[in-house]
Each structure stands twice: as structure tokens, then as C-alpha cells.
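Below, each chain spelled out in residue letters.
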There are 2 protein chains.
Amino acid sequence: MPKVERHFFVCTNARPAEGKPSCGARGSAALLTALQEGVGAHPELWGKVAVTPAGCLGPCFEGPTIVVYPEAVWYTGVTPADVPEIVESHMRAGVPVARLVPVWEE
Amino acid sequence: MPKVERHFFVCTNARPAEGKPSCGARGSAALLTALQEGVGAHPELWGKVAVTPAGCLGPCFEGPTIVVYPEAVWYTGVTPADVPEIVESHMRAGVPVARLVPVWEE
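Rules used in this analysis
Residues numbered from 1 in each chain as written. Chains lettered and ligands numbered in written order. Predicted model: local features only at pLDDT ≥ 70, side-chain atom pairs only at ≥ 80, totals over all residues. Heavy atoms only, no water. Helix = DSSP H or I, 4+ residues; strand = E, 2+ residues; numbered from the N terminus. Rg over C-alpha atoms; globule rule 2.2 N^0.38 Å. Buried < 20%, exposed > 50% of the residue type's maximum accessible area, 1.4 Å probe, protein only. Contact = heavy atoms within 4.5 Å. Axes fitted to C-alpha atoms, helices over the stretch in contact; angles between N-to-C directions. Parallel < 35°, antiparallel > 145°, perpendicular 65-115°, else oblique. Left-handed = near helix turned anticlockwise from the far one by under 90°. Nonpolar A, V, L, I, M, F, W, Y, C, P; charged D, E, K, R; others polar. Least-squares fit on C-alpha atoms with pLDDT ≥ 70 in both. Buried area = accessible area lost by both parts, 1.4 Å probe. Salt bridge = Lys/Arg side-chain N within 4 Å of Asp/Glu carboxyl O. Polar contact = N/O pair within 3.5 Å; in protein donor to acceptor, adjacent residues only side chain to side chain.

Novice: Describe the overall build of chain A, with residues and values.
Specialist: When you go through chain A residue by residue, the secondary structure sums to 2 helices and 4 strands. Reading chain A from its N end, one meets helices and strands in the order β-α-β-β-β-α. Over its C-alpha trace chain A gives a radius of gyration of 13 Å, about what one expects of a compact globule, namely 13 Å for 106 residues. Principal-axis analysis of the C-alpha atoms places the extent of chain A at approximately 40 × 25 × 25 Å. Counting across all 106 residues of chain A, residues that qualify as buried make up 49%. For chain A, restricting intrachain contacts to residue pairs at least 6 apart in sequence, the fraction spanning at least 24 positions comes to 61%.

Right, here's the structure in full:
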């Protein structure tokens, strides 16, 4: 993991279905898998882009949530359908996907 | 969690005791708690320093492992005994604890 250039952390925190919402209950496991498969499909990203599950990142009512470092870009409400754009734009071209950035981070 | 200035990710990945080593098997849960308590004891850090559990970060044979962003500082072999120094030096003064940075990151 040394020399990672860009590190995606995907909240996988899960809570029971009837209480406070959680990224885990909103499908973040599938999101995590899709992101990891996205990296896997692009050898030029191997060793440069890391995708790691994380505990609660905070904005539970807006999840699934991702934070990307070192640029400190936050994404909320992300689904597997968003992953191809994240891979092409953010991972491969270095341009965050603006439509997934919550208002409090713009 | 927006506007976090410094984000500590602590590997809490756990594996069975007899296989490949893991940060979880090496006590990272206590490390995570100590770091969170360290932030809790210093109100000036609240909202500025985040401490989040994470999945496998890679250097399993050298754990427990921490990565800190946005500066991308890696720590390995960290124990709760190291936490007061991390809190004072890295969290409060912004100076990473050099002795905990693995050789591959220096």
C-alpha cells in the first residue's frame, strides 16, 4: 500500500433496518465491490488507486458515503451505477464527479 | 464529517490467529479506542481530527497499521502506548511521529 496516489474509503457501517440509516443498509457492500472491480479492470490503476472499506464517516442520512484522499473529496448517495463514471473521471482522469459531491462540500 | 482537517484510518481487519497476521489480531481495536479517546480529551480537535476504523490497509506483517490523510503518513506497529505521543505531536502540533513511520515510507 505504500505510494498510493489516491485512496477511496467506502463506509460499510451497518445498522438495523428500522433505526438510523446506514451506508451498509443502503447497499454500500455492492458499491465497494463495484469500485474494487473497477480498479481491477484497469491495470494502470493497480498500486496507485486503493479502495478500502471504512467505518462510519458521518453523513449517515445521505449515504452511501465515500471520502477520497489526499484531495478530501466527499461523495454521498453513491450507487454501483455511478461507479463507471467514478472510475473514468476520478480514478483515471483525476477529475472528481461533481454531481456526487454533497452541497456542504461544494 | 465535512471540513475534517486530518483523518486517521486505523486498520481493524481481523484474521484467525494461526494464519496471516492481521491488525485486528494484534490489538488494533484497543488502538482505535485509545485514539478516539485522545481526540475526545481535547475539545480543540473535535470536528478537525477524525479517527475511523478501516479494512485491510496492506502491510499486514507490520501492523497495527494507520494511514493519515491528507498528508498520507503511514504508521505501522502502533500500540496504545504510542497514542499520547500521536495526539500531542501529530494531532495537536501537526508533526508526524517519525519513529512510527515504516522505512518504506521515509
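Novice: Explain the packing of helix H1 (residues 28–40) of chain B against helix H2 (residues 83–92) of chain B residue by residue, including any values.
Specialist: The axes of two packed helices give the description: the angle between them and the distance between them. Residue and element names in this part refer to chain B. Direction vectors running N to C along H1 and H2 enclose 45°, while the axes themselves pass 9 Å from each other. As far as their axial angle goes, H2 and H1 are oblique. When the axes of H1 and H2 are compared, the crossing they make is right-handed. For the pair H1 and H2, the contacting residues are Leu31, Ala34, Leu35, Gly38 and Val39 in the first and Val83, Ile86, Val87 and Met91 in the second. A class-by-class count of the residues in the contact of H1 with H2 yields 8 nonpolar, 1 polar and no charged.

Novice: Please give an account of the relation of the copies chain A and chain B that cites residues and values.
Specialist: By a simple turn and slide, chain A fits onto chain B: the slide is 0.0 Å along the axis, the RMSD is 0.0 Å, and the turn is 180°. The transformation just described matches what one would write down for a two-fold rotation axis. Both copies present the same face, since 100% of the interface residues in chain A are matched by interface residues at the equivalent positions in chain B.

Novice: Quick rundown of the interface of chain A and chain B? Include the residues and the values.
Specialist: Taken together, the contact between chain A and chain B spans 20 residues of the former and 20 residues of the latter. Between chain A and chain B lies a buried interface of about 1500 Å² when both sides are counted; carbon and sulfur atoms form 67% of it. Across the contact surface, chain A and chain B share 0 salt bridges. Counting the contacts that link chain A with chain B gives 4 residue pairs in polar contact (both at pLDDT 80 or more). Elements that contribute at least two residues to the side of chain A that touches chain B include exactly strand E1 (6–11), strand E2 (49–54) and strand E3 (66–69) of chain A. Per element, the largest residue contribution to the side of chain A that touches chain B is 3 residues, and it comes from E2(A). Looking at side-chain class alone, the side of chain A that touches chain B contains 14 nonpolar, 4 polar and 2 charged residues.

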